[in-house]
Amino acid sequence: MHSVTTRSLAACALLLVPAAKASIFGSDSPGDGVSVCSLTSPCNSNFIGTVSSSPAGLLTGTLVKGGSTLGLQLGAQPEFITFSGGTETTSGFGFVGPLGFNTQYQSIGGNNVGMPISGQLLTLNLTNTTASPISGVSFFLQIPQTVVTSGFTPQADGLTFGLYCSQLVVSCNTAATPLALLTTPTGPAGSTLNAADLSPATGTFGDLLRFSNVNLAPGATGSFTFFVSDYKGTRLPTTGGAPASGSFNLEVVPFAQTPEPASIGLAALGLGYLLLRKCRLTR
């Protein structure tokens, strides 16, 4: 991953992914294997982690099992929401991380690896603390806290915005049944989610959400909802699984509203008129 300074939604690069195979391995992509959930009885967990912000003191709310509502004071610079608290120890494997048990998980004979075991629905209320309107907001999941404002690079870290296989079987045939998101992300009324972030054919699918037309005025609050999940703990270590992440970050990137070309032209004409008038008065 690399940092860039260009703050433009249009600059967010999309990477094409290889053609879908009958079933796929990968820490972000549900597919083959045996669920670690088959080792536990019942397949459940009450474990839940904690959240904080960077810079500190900007976040309100706590994580609760099944779904959480958080508030974030959003300034002009990227901010981070850090999910932490480790992993549960009941299974001895740590299949549930800070997000807790995914209540939408459906076990089929203990072998369903199409659905992440760890995850939950988040409602994030963003309050604009700047003096200018916020026109767009991007959300990017990552483990290290790295500032990235464009050129978002997907991370094969198991963290996604609720990526799952709608077949709900051991082997996910992505050619017949594409991967999908557990919940369609939403933003404030009138906002638009980049269509590419809802398409399995793009490299950013599951890792990035880009909202435009947010039009969040100074002091105003806008509500965003999306699912966040960690797929790593779902499978057994012998089938590509790994313990869930003990901590990770959600980067929130604001984009300030820019003047329309017509407004820029009118402003230039006004400035020119004032300069000309001043020149005449000083003759």
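Preceding this paragraph is the structure being described.
Keep in mind that what you see is a predicted model, and the values were worked out from it rather than measured.

Procedures and definitions
- Residues numbered from 1 in each chain as written.
- Predicted model: local features only at pLDDT ≥ 70, side-chain atom pairs only at ≥ 80, totals over all residues.
- Heavy atoms only, no water.
- Pairing = 2+ DSSP bridges.
- Helix = DSSP H or I, 4+ residues; strand = E, 2+ residues; numbered from the N terminus.
- Buried < 20%, exposed > 50% of the residue type's maximum accessible area, 1.4 Å probe, protein only.
- Disulfide = S-S within 2.5 Å.

Chemist: Give me the lowdown on the sheet that holds strand β4 (residues 79–84), citing residues and values where you can.
Modeler: Strand order across the open sheet formed by six strands is β1-β4-β13-β6-β11-β10, with antiparallel pairing between neighbours. The open sheet has two free edges, formed respectively by β1 (50–54) and β10 (192–193), since each of these has just one partner strand. Note: strand β6 (residues 134–142) against strand β13 (residues 248–256), eight bridges, orientation antiparallel. Looking at β13, one finds that S138 is bridged to V253.

Chemist: Residue-level account of the pairing of β13, with values.
Modeler: Burial runs high along β13: eight of the nine residues are buried. Pairing geometry for β4 and β13, over five bridges, is antiparallel. In the sheet register, F80 faces β13, and the bridge partner there is E251.

Chemist: I'd like a rundown of the state of the cysteines, residues and numbers included.
Modeler: What the rule picks out here adds up to one disulfide. Residue C37 pairs covalently with C43 via a disulfide, S to S 1.2 Å. Disulfide C37-C43: the torsion about the S-S bond is 85 degrees, which places it as right-handed. On the basis of relative accessibility, which here comes to 3%, the residue C37 falls in the buried class.

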